[in-house]
Amino acid sequence: RWLPALRRRCDVAGKRLSGTGLAAEGRVLRAVLYVYHHRLLRHRPYLALQQVEQCLKRLWKMNLLGCIETLAELIPKKSTSQAHAECLVPSQPMLETVALKVLGACKLILRLLDCCCKAFLLSVKHLCSEEFILLNTVASGLLSRLWFVIQYRCVLQSLMSLYGMLLTSLHLVSETQQMPYIKGFTFPSDISNFLGVNISYEVKKQKARMLTTKKPTSWLKKLFPAMPEAVSEVGKTRNSVTCTSAVNNCSVPCSVDIGEPVL
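Keep in mind that this is a model prediction, so the values were computed, not measured.

J.: Would you take a moment to explain the packing of aromatic side chains for this structure?
T.: For any two aromatic rings, the description comes down to two numbers: the centre-to-centre distance and the angle of the planes. Applying the stated criterion across every chain yields a total of one aromatic pair. Taking the ring centre of Phe194 as reference, the NZ or CZ of Lys107 above it sits at 5.3 Å.

Now the structure itself:
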């Protein structure tokens, strides 16, 4: 009875991890770090971005998705209706390996969310100080999207549900044939206690911190002044001379980070 449920949990967790959002945001993050590597080696938001990138790199290096897909392939697709029928099931070493990787991935995703929150707050803080405006604008948008992708796709929740089914399967398989592979470690019965935090409360707290942060609106108004009412309607020709003079007369100097204004 538990084989179809385990397969469904594997499929859900695999789809969450293989989504295009995590991979796309990871590529953008690596590109941003590559561009600013020799310019901002001691910049605090840049160092915080490096921590986020390290968490993502470790998450992909552990090959959790490959292990989950391999486990799903070992589970028979059709369940037999006979009470005493025999079927092949994943071995205890395989279940222990996947369960251990799921535990590590959950810890790593919690660390990733915390690093995203801290880096986002640092980026907004330096935006308010009008430092490295281009980098911090890109970083704040990138970090908020990455944080949202993990929460919206319920990556952590799907892994926690998978671990609960893996633990049930591990107990049933070990009762049939004892083949312990990982020794000296006791798999926790409650993954929430193992992680040490209340997931829903932690997510709500991080979201509140990110939403209540001081918004850098003052320098945005200086860089992008309001358009005149005569040219604000859609479809009318814009007055390029007025826009150019408004940008040139702004009090914020055009540093190397912003670049020259494009007419």
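Don't stop here, the text continues.
J.: What am I meant to see in the pattern of salt bridges here?
T.: Side-chain pairs of opposite charge can arise whenever the charged atoms involved come near each other. Under the definition given, this model contains four salt bridges. Notably, a salt bridge pairs Arg111 with Asp114, separated by 3.8 Å at the nearest N-O pair. Taken as a pair, Arg111 and Asp114 lie in helix H5 (residues 92-128) at a separation of three residues, close to a single helical turn. Among the residues examined, Arg111 registers a relative accessible area of 39% and is labelled partly exposed.

J.: Looking at this structure, how should I read the packing of helix H3 (residues 44-61) against H5?
T.: Interaxial distance between H3 and H5 falls to 9 Å at its minimum, and their mutual angle equals 160 degrees. Compared by their axis directions, H3 and H5 come out roughly antiparallel. The handedness of the crossing between H3 and H5 is left-handed. Touching Arg44, Pro45, Ala48, Leu49, Gln51, Val52, Cys55, Leu56, Arg58 and Leu59 of H3 are Ala105, Leu108, Ile109, Arg111, Leu112, Cys115, Cys116, Ala119, Leu122, Ser123, Lys125 and His126, all from H5. Across the contact of H3 with H5, the residue classes tally to 15 nonpolar, three polar and four charged.

J.: Would you mind going over the side chain of Gln92 with me for this structure?
T.: Residue position: Gln92 is located in helix H5. In this structure, Gln92 is in contact with Leu170, Val173, Ser174, Gln177, Gln178, Met179 and Pro180, ignoring residues within four places of it in sequence.

J.: Just to check I follow, could you spell out H3 for this structure?
T.: The α-helix winds at 3.6 residues per turn, so residues separated by three or four positions along the chain end up facing the same way. Counted at 1.5 Å a residue, the expected span for H3 with its 18 residues is 26 Å, and the 26 Å between its end C-alpha atoms agrees. Those residues of H3 that fall on the buried side of the exposure criterion are Pro45, Tyr46, Ala48, Leu49, Val52, Glu53, Cys55, Leu56 and Leu59. Looking at the packing, one finds that the buried side of H3 touches helix H2 (20-35), H5 and helix H6 (133-152). The positive-phi residue at the C-terminal boundary of H3 is Asn63, with phi of around 55 degrees.

J.: Sorry if this is basic, but what is going on with the state of the cysteines here?
T.: As used here, a disulfide is simply a covalent bond connecting the sulfur atoms of two cysteines. In total, this model carries zero disulfides according to the counting rule given. In this model Cys55 remains outside any disulfide bridge; the closest cysteine sulfur is found in Cys115, 4.2 Å from its own.

J.: Is there a simple way to explain the nonpolar core in this structure?
T.: Leu6, Val52, Ile68, Val102, Leu159 and Leu166 are the most contacted members of the largest nonpolar core, which totals 71 residues. Among the secondary structure elements, those contributing two or more residues to this core are helix H1 (2-17), H2, H3, helix H4 (64-74), H5, H6, helix H7 (155-176) and helix H8 (191-195). When residues of this core are assigned to their parent elements, the largest contribution, 21 residues, is made by H5. Not counting the four nearest positions on each side in its chain, Leu6 is found in contact with Ile75, Leu95, Leu162, Met165, Leu166 and Ser169.

J.: Just checking my understanding: could you explain unusual backbone geometry for this structure?
T.: Phi is mostly negative for residues that are not glycine, and the peptide bonds are mostly trans. Phi is positive for Asn63, which is not a glycine, with a value near 55 degrees. With respect to the secondary-structure elements, Asn63 resides in the loop between H3 and H4. Under the relative-accessibility criterion, Asn63 is labelled partly exposed at 43%.

J.: Got a minute to help me understand the confidence of the model for the chain in this structure?
T.: Interpretation of the predicted coordinates at a detailed level should be avoided for regions scoring low in pLDDT. Summing up the model confidence of the chain, the mean pLDDT is 75 and the portion of residues at 70 or higher is 72%. Summarising per-element confidence for the chain, the mean pLDDT is lowest in helix H11 (residues 240-248) (42) and highest in H4 (90). Here residues 227-259 is modelled with pLDDT under 50, and outside its nearest four sequence neighbours on either side it reaches 25 contacts, counting other chains as well.

J.: Whenever I open this one, the environment of Gly164 confuses me. Can you help?
T.: When you line up the elements, Gly164 lands in helix H7. Judged by its relative accessible area of 35%, Gly164 is partly exposed. As for Gly164 and Ile191, which are separated by 27 residues in sequence, their C-alpha atoms are 7.9 Å apart.

Calculation criteria
Residues numbered from 1 in each chain as written. Predicted model: local features only at pLDDT ≥ 70, side-chain atom pairs only at ≥ 80, totals over all residues. Heavy atoms only, no water. Phe/Tyr/Trp six-rings, centres within 6.5 Å; stacked < 30°, edge-to-face > 60°. Lys NZ or Arg CZ within 6 Å of the ring centre and 35° of its normal. Salt bridge = Lys/Arg side-chain N within 4 Å of Asp/Glu carboxyl O. Helix = DSSP H or I, 4+ residues; strand = E, 2+ residues; numbered from the N terminus. Buried < 20%, exposed > 50% of the residue type's maximum accessible area, 1.4 Å probe, protein only. Axes fitted to C-alpha atoms, helices over the stretch in contact; angles between N-to-C directions. Parallel < 35°, antiparallel > 145°, perpendicular 65-115°, else oblique. Left-handed = near helix turned anticlockwise from the far one by under 90°. Contact = heavy atoms within 4.5 Å. Nonpolar A, V, L, I, M, F, W, Y, C, P; charged D, E, K, R; others polar. Expected span 1.5 Å × (residues − 1). Disulfide = S-S within 2.5 Å. Core = buried A, V, L, I, M, F, W, Y, C linked by side-chain atoms within 4.5 Å. pLDDT = per-residue confidence, 0-100.

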